[in-house]
2 protein chains.
Amino acid sequence: MSLPAPSSPETALIDALAAIVGTRHVLTEPQAMAPHLVEWRGLYRGTARAVVRPGSTAEVAAVMRLASERRVPVVPQGGNTGLVGGQIPFGDDQIVLSLGRLDRLRDVDPVTDTIVAEAGVTLQRLREAADGVDRLFPLSIAAEGSCTIGGNLATNAGGTAVLAYGNARDLVLGLEVVLADGRIWNGLGRLRKDNTGYDLKHLFVGSEGTLGVITAAVLKLFPKPRASATAFVAVPDPASAMRILERARGEAGGALTTFELMMRRAVEFVLSHGTGVRDPLADTAPWYVLIELTGQDEAALAERMEAILGAAIEAGEATDAALAASLDQARAFWRIRDLMSEVQAHEGGSIKHDIAVPLAAMPAFLDEAIAAVEALVPGCRPAAFGHAGDGNIHFNVSQPPGADKAAYIAGWEAMNAIVHAIATRLGGSISAEHGIGILKRDLLPEMKDPVGLDLMRTLKASLDPLGILNPGKVL
Amino acid sequence: MSLPAPSSPETALIDALAAIVGTRHVLTEPQAMAPHLVEWRGLYRGTARAVVRPGSTAEVAAVMRLASERRVPVVPQGGNTGLVGGQIPFGDDQIVLSLGRLDRLRDVDPVTDTIVAEAGVTLQRLREAADGVDRLFPLSIAAEGSCTIGGNLATNAGGTAVLAYGNARDLVLGLEVVLADGRIWNGLGRLRKDNTGYDLKHLFVGSEGTLGVITAAVLKLFPKPRASATAFVAVPDPASAMRILERARGEAGGALTTFELMMRRAVEFVLSHGTGVRDPLADTAPWYVLIELTGQDEAALAERMEAILGAAIEAGEATDAALAASLDQARAFWRIRDLMSEVQAHEGGSIKHDIAVPLAAMPAFLDEAIAAVEALVPGCRPAAFGHAGDGNIHFNVSQPPGADKAAYIAGWEAMNAIVHAIATRLGGSISAEHGIGILKRDLLPEMKDPVGLDLMRTLKASLDPLGILNPGKVL
């Protein structure tokens, strides 16, 4: 491999990167870089000097040492599926550090119930590897075919199994991280308990690549549930849904895996635009809940679900319910929920919010937020849905039918401001699971405790004193 | 209240502290200070300039501002039940910051399933408050009558319910922390999901008072299990026990709450010295396991437990088992486990280890460690017990009968070195749940990743640049 002699600082950098990862893993041509520069929905279109694709932790470390010496800003990137622009480079001086080639499953151990995966392993492959040893890796999000575990951890991904298994953060036992200056922290412990000093892993999980580059992780595996009970339930209002949640927690305890709340309108969008879906219930209702219990005993779960639903109907908290009689029927219920996000594109512009509130405040939030956006944009169509069991709602609002999409989307920030103010007043969060990235960076100072924000800046300054790791993101 | 005019810098500091918390809450008399200076087993006897008992977060903040201005070292202290000396002051220039008067339960909310408690609330009171609203706060350790939640969080306490509910760390939703310079971070969020920036709470949990002073916390409540199944099981060896663990996880999933492994000798010590205990099984066995399943359905749990035990006996993993037929019988099984630590004092000197290893390595660790200590001190009596379900064993070793206690205890560090080396080689930890404090501080550099240790020092320097928070502990 013969390289041209360095003719400029620009070339010198590219040469130095190529010397680390190999020429064909330094992309500089616009066409080659393109998939790494554009956010998948087209919301963000970035620019970069190069895309670098290291093949090992040692190469990541060498790239970071070089970047540190030359003060080159580095944007770590996994599957490029993030929703807040955190993975997109914005500047001709920036390099994208694409972790896709770090794709080894270093170890799968069904006795210790752990899996050691490199950052670039896709979530789907990870789940399949767990399945291969009769275990469950419970993280489950819509993008699982292309998102990578490194990105999942960097953004502390959520999804539909958080209620029983926690966020991505809760599924990690150990991490390997390359620091801003290229040092490698080997924190790949497999211990369930270890009180020997500060918990460093939680610092990097959810830091969106601004404090270090996660290169590998030890993840927890769980026994595979052998049985499930799934119900699609009609409820009159969110307050009733939250009472059913309390009931389900009391009756089923840890077996309650999923509790998703959906507005009728969100279900209608799926029925209109999804293929192979049908309404699970004969009559319509203003709200629905998808409940799933999982465990080891089919009959016991069914009995428990029937007890929950029977009591809820008797108390007037539910007006109707369908209990899946087969795995196919359960999948049909899930399909409605799974399609909910993508079908909204068929209804014109959609202004999105990723809200969490304390469980007790969920009904108040929905009442107030729906009234507020309808007052702001008459005719707009709230189509909220989400992980109500965790207090997390994707409060998405579709444009009025026939309205101008661009004009509606131009009101994004104004609507956000109103909805976020309601969430914040109720003790809530403006980013329950998607992170901050660049989309919500400028909103942080308004809603974070100022001392907490100062602490974040202190941590950033001490771990990345040159400010080369994903600059302009989060802070 | 008239105070003498400041006559020396010493008096001036005491006066300034008294002006913040009131004269009667600044203890300087040896007798008044004594309970705060001595570790409860007498292992550590410290010295201090004063013990300060603030009554509010604002007073804690004012004390830390003063300490910061005058560079006075501060040792935060809860119920003074720690096992590694972290809460003991060592220096006439140090002040003890006793959090016992911060004892308000600020809020108990069974809908959001949260409780907001100040640092000085005892674990027992917290559990009772949860119980009062028909909820469970699952943290359970032997010292719960006197330990406080602030100390539990500062040390990331473990206990007997970690398998199902996690460590103290996993039970926290939000924190209020006074920083070294007296600023107050209000991070008392009640959200199950919040991805707005770095996770600061995990930095303070488990930092043993070296990064900040936890003054209050938002804690998770859980549905109260209505039913349980408890079994006392005889097993031939640790490998069999770990196979039963795998079986129990597969059969019972999240219902498996407790899986404690005990050497026959540890049981014998209880039978010899405990009151009102008897052997649950007719024949003796070299090892025992205490298994508990909890949930909402008595019959289903009993059936599941019988399935686990039946299969284990058939596979030769268990040689006998007693399934508790009543709550009283379950309590009798638990009493054996609960007394295990304290009765060891009746058998002379005991050299202790708080080990965690990856689950798969548990049998190898026990085999090797028992052989190694028996070779080191012929006639010594390993009496190991602990939370095998989490990979955590209290590998305690009693002196040979009739040996000189002081001479035996003088070999503490030599035995630790051998046992810790085995644990470390197997990917384990030398402090699974008790922390580092001063007891294990000097061992850290030998077993931590050097970059990780550097990161800890970086964090310490950035959050406590003057080094006034619990100096000499952990690092």
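Residues numbered from 1 in each chain as written. Chains lettered and ligands numbered in written order. Predicted model: local features only at pLDDT ≥ 70, side-chain atom pairs only at ≥ 80, totals over all residues. Heavy atoms only, no water.

The name recorded for chain A in an unreviewed UniProt entry is FAD-binding oxidoreductase, from Methyloraptor flagellatus. In the Cofactor (unreviewed entry) part of its UniProt record, chain A is described as follows: "FAD". (UniProt positions renumbered as here; feature names shortened; annotations may be inferred.)

Draft legend 1. Just empty space enclosed by the protein, in detail. Within the structure shown, the criterion is met by 3 cavities of 30 Å³ or more. Approximately 60 Å³ is the volume found for the largest cavity. Lining the largest cavity, in full, are Met242, Leu245, Glu246, Arg249, Leu359 and Ala360 of chain A together with Val111 and Asp113 of chain B. Grouping the amino acids of the lining of the largest cavity by side-chain chemistry returns 5 nonpolar, no polar and 3 charged. (1 Å grid on protein atoms, 1.4 Å probe; cavity = no way out; pocket = protein on both sides within 12 Å on 5 of 7 lines; lining within 4 Å. Points joined across faces, edges and corners; volume = space filled by probe spheres on them. Nonpolar A, V, L, I, M, F, W, Y, C, P; charged D, E, K, R; others polar.)

Draft legend 2. Examining the interface of chain B and chain A more closely. Contacts between the two partners involve 84 residues from chain B and, on the opposite side, 84 residues from chain A. Buried area between chain B and chain A, summed over both chains or domains, comes out near 6400 Å², and the portion from carbon and sulfur atoms is 58%. Together, Lys193, Asn195 and Tyr198 of chain B form the three largest contributors to the area buried by chain B at its contact with chain A, with a combined 16%. Between the two partners, chain B and chain A, sit 14 salt bridges. Here Arg304 of chain A ties to Asp297 of chain B by a salt bridge, and the two come within 2.9 Å at their closest N and O atoms. In this structure, the connection of chain B to chain A is made through 40 residue pairs in polar contact (both at pLDDT 80 or more). Elements represented by at least two residues in the side of chain B that touches chain A include exactly β9 (184-187), α7 (201-204), β11 (222-223), α8 (238-252), α10 (298-314), α15 (444-447) and α16 (450-463) of chain B. (Contact = heavy atoms within 4.5 Å. Buried area = accessible area lost by both parts, 1.4 Å probe. Salt bridge = Lys/Arg side-chain N within 4 Å of Asp/Glu carboxyl O. Polar contact = N/O pair within 3.5 Å; in protein donor to acceptor, adjacent residues only side chain to side chain. Helix = DSSP H or I, 4+ residues; strand = E, 2+ residues; numbered from the N terminus.)

Draft legend 3. Looking closely at the UniProt feature "domain: FAD-binding PCMH-type" (unreviewed entry) in chain A. Per the UniProt record, the feature "domain: FAD-binding PCMH-type" (unreviewed entry) sits at residues 44-224 of chain A. As a span, residues 44-224 of chain A carries 21% helix and 24% strand, and end to end its C-alpha atoms are 39 Å apart.

Draft legend 4. View of the domain arrangement of chain A. Residue and element names in this part refer to chain A. According to the domain assignment, chain A contains domain 1 (9-98), domain 2 (105-223), domain 3 (227-341) and domain 4 (348-451). For domain 2 and domain 3, the distance between their C-alpha centroids amounts to 30 Å. Facing 5 residues of domain 2, the contacting portion of domain 3 comprises 7 residues. Roughly 540 Å² of surface becomes buried between domain 2 and domain 3 when both sides are summed, with 62% attributable to carbon and sulfur atoms. When the buried surface of domain 2 facing domain 3 is broken down by residue, Thr160, Leu163 and Ala164 rank first, second and third, together holding 80% of it. (Domains from an automatic or database assignment.)

Draft legend 5. A look at the sheet that holds strand β2 (residues 50-52) of chain A. All names here are of chain A. The 4 strands lie next to each other as β1-β2-β4-β3, forming an open sheet whose pairing is mixed. For this open sheet the edge positions go to β1 (26-27) and β3 (74-77), each flanked by a neighbour on one side alone. Here β1 pairs with β2 via 2 bridges, running antiparallel. Bridge pairing in β2 places Leu27 opposite Val51. Across the sheet, helix α3 (residues 57-70) touches β2, β3 and β4 (95-98), and the angle it forms with β4 is around 165°. (Pairing = 2+ DSSP bridges. Axes fitted to C-alpha atoms, helices over the stretch in contact; angles between N-to-C directions.)

Draft legend 6. Geometry of helix α9 (residues 264-273) of chain B. Of the residues making up α9 of chain B, those classed as buried are Arg264, Ala266, Val267, Phe269 and Val270 of chain B. Its buried side turned inward, α9 of chain B meets β12 (227-235), β13 (256-263), β14 (287-295), α11 (327-343), β18 (381-382) and β21 (397-398) of chain B. (Buried < 20%, exposed > 50% of the residue type's maximum accessible area, 1.4 Å probe, protein only.)

Draft legend 7. Representation of the packing of α8 of chain B against α10 of chain B in the model. Residue and element names in this part refer to chain B. Interhelical geometry of α8 versus α10 gives an angle of 150° and a closest axis separation of 10 Å. Crossing angle aside, the handedness with which α8 passes α10 is right-handed. Judged by residue contacts, Ile244, Arg247, Ala248, Glu251 and Ala252 of α8 engage Arg304, Ala307, Ile308, Ala311 and Ala312 from α10. Looking at the contact of α8 with α10, its residues break down into 7 nonpolar, no polar and 3 charged. (Left-handed = near helix turned anticlockwise from the far one by under 90°.)

Draft legend 8. Geometry of the sheet that holds β9 of chain B. Residue and element names in this part refer to chain B. The antiparallel open sheet is built from 5 strands, whose spatial order is β5-β6-β10-β8-β9. Single-partner strands in this sheet number two, and they are β5 (105-109) and β9. Averaged over all neighbouring strand pairs, the angle between strand axes comes to 15°, with direction disregarded. As paired elements, strand β8 (residues 172-178) and β9 share 4 bridges and run antiparallel to each other. Each residue of the ladder has a partner; that of Val177, found in β9, is Trp185. Against the sheet, helix α3 (residues 57-70) touches β5, β8, β9 and β10 (213-220), its axis set at about 45° to β8.

Draft legend 9. Representation of the confidence of the model for chain A. Across chain A, pLDDT averages 95, with 98% of residues at or above 70. Interface confidence for the predicted complex, given as ipTM, is 0.95, next to a pTM of 0.95. (pLDDT = per-residue confidence, 0-100.)

Draft legend 10. Highlighting the environment of Gly86 of chain A. Residue and element names in this part refer to chain A. Take Gly86: it is sitting in the loop between β3 and β4. Taking the relative accessible area as the measure of exposure, Gly86 reaches 11% and is therefore buried. Placed 11 residues apart in sequence, Gly86 and Val75 show a C-alpha to C-alpha distance of 8.3 Å. Gly86 has contacts with Val75, Gly437, Ile438, Asn470 and Lys473, leaving out every residue within four places of it along the chain.

Draft legend 11. Fine view of the side chain of His25 of chain A. All names here are of chain A. Counting through the fold element by element, His25 comes out in the loop between α1 (9-21) and β1. Reaching out from His25, the side chain makes a polar contact with the side chain of Arg101 at a distance of 3.4 Å. When sequence neighbours within four positions are dropped, the list of residues in contact with His25 reads Val51, Val52, Arg53 and Arg101.

Draft legend 12. Inspection of the relation of the copies chain B and chain A at higher detail. Rotating chain B by 180° and translating it 0.0 Å along the rotation axis places it on chain A, where the RMSD comes to 0.0 Å. On this basis, the relationship between the two copies can be described by a two-fold rotation axis. Here 100% of the interface residues in chain B have copies in chain A that are interface residues too; the copies meet face to matching face. (Least-squares fit on C-alpha atoms with pLDDT ≥ 70 in both.)

Draft legend 13. Examining unusual backbone geometry more closely. For Asn470 of chain A, which is not glycine, the phi torsion reads 45° and is therefore positive. Tracing the sequence through the fold places Asn470 of chain A in the segment after α16 (450-463). In this structure, Val474 of chain B is a non-glycine residue whose phi angle is positive, near 65°. When its relative accessible area of 2% is taken as the criterion, Val474 of chain B is described as buried.

Draft legend 14. Structural context of the nonpolar core. Ranked by internal contacts, the top residues of the largest apolar core, which has 90 residues, are Phe204 of chain A together with Phe204 of chain B. When near neighbours in sequence (up to four residues on either side) are disregarded, Phe204 of chain A contacts Ala154, Leu175, Val177, Leu179, Trp185, Leu211, Gly212, Ile214 and Leu463 of chain A together with Leu455 of chain B. (Core = buried A, V, L, I, M, F, W, Y, C linked by side-chain atoms within 4.5 Å.)

Draft legend 15. Broad picture of the pairing of strand β3 (residues 74-77) of chain B. All names here are of chain B. Neither face of β3 is open: one carries Val74 and Pro76, the other Val75 and Gln77, and all of them are buried. Across 4 bridges, the pairing between β3 and strand β4 (residues 95-98) is parallel. Counterpart to Gln77 in the pairing with β4 is Ser98.

Draft legend 16. Summary view of the pattern of salt bridges. According to the stated counting rule, one finds 62 salt bridges over all chains in the structure shown. Lys224 of chain A serves as the salt-bridge partner of Asp131 of chain A, at 2.7 Å between the closest nitrogen and oxygen. Residue Asp131 of chain A is located in helix α4 (residues 123-132), and its partner Lys224 of chain A is located in the loop between β11 (222-223) and β12 (227-235); the two are separated by 93 residues in the primary sequence. Asp131 of chain A sits in the partly exposed class, given a relative accessible area of 42%. Measuring nitrogen to oxygen at the nearest pair gives 3.3 Å for the salt bridge that ties Asp199 of chain B to Arg169 of chain A. Here the residue Asp199 of chain B occupies a position in the loop between β9 and α7, and Arg169 of chain A occupies one in the loop between α6 (162-165) and β8 (172-178), the pair thus bridging two chains. Residue Arg169 of chain A is classed as buried on the basis of its relative accessible area of 7%.

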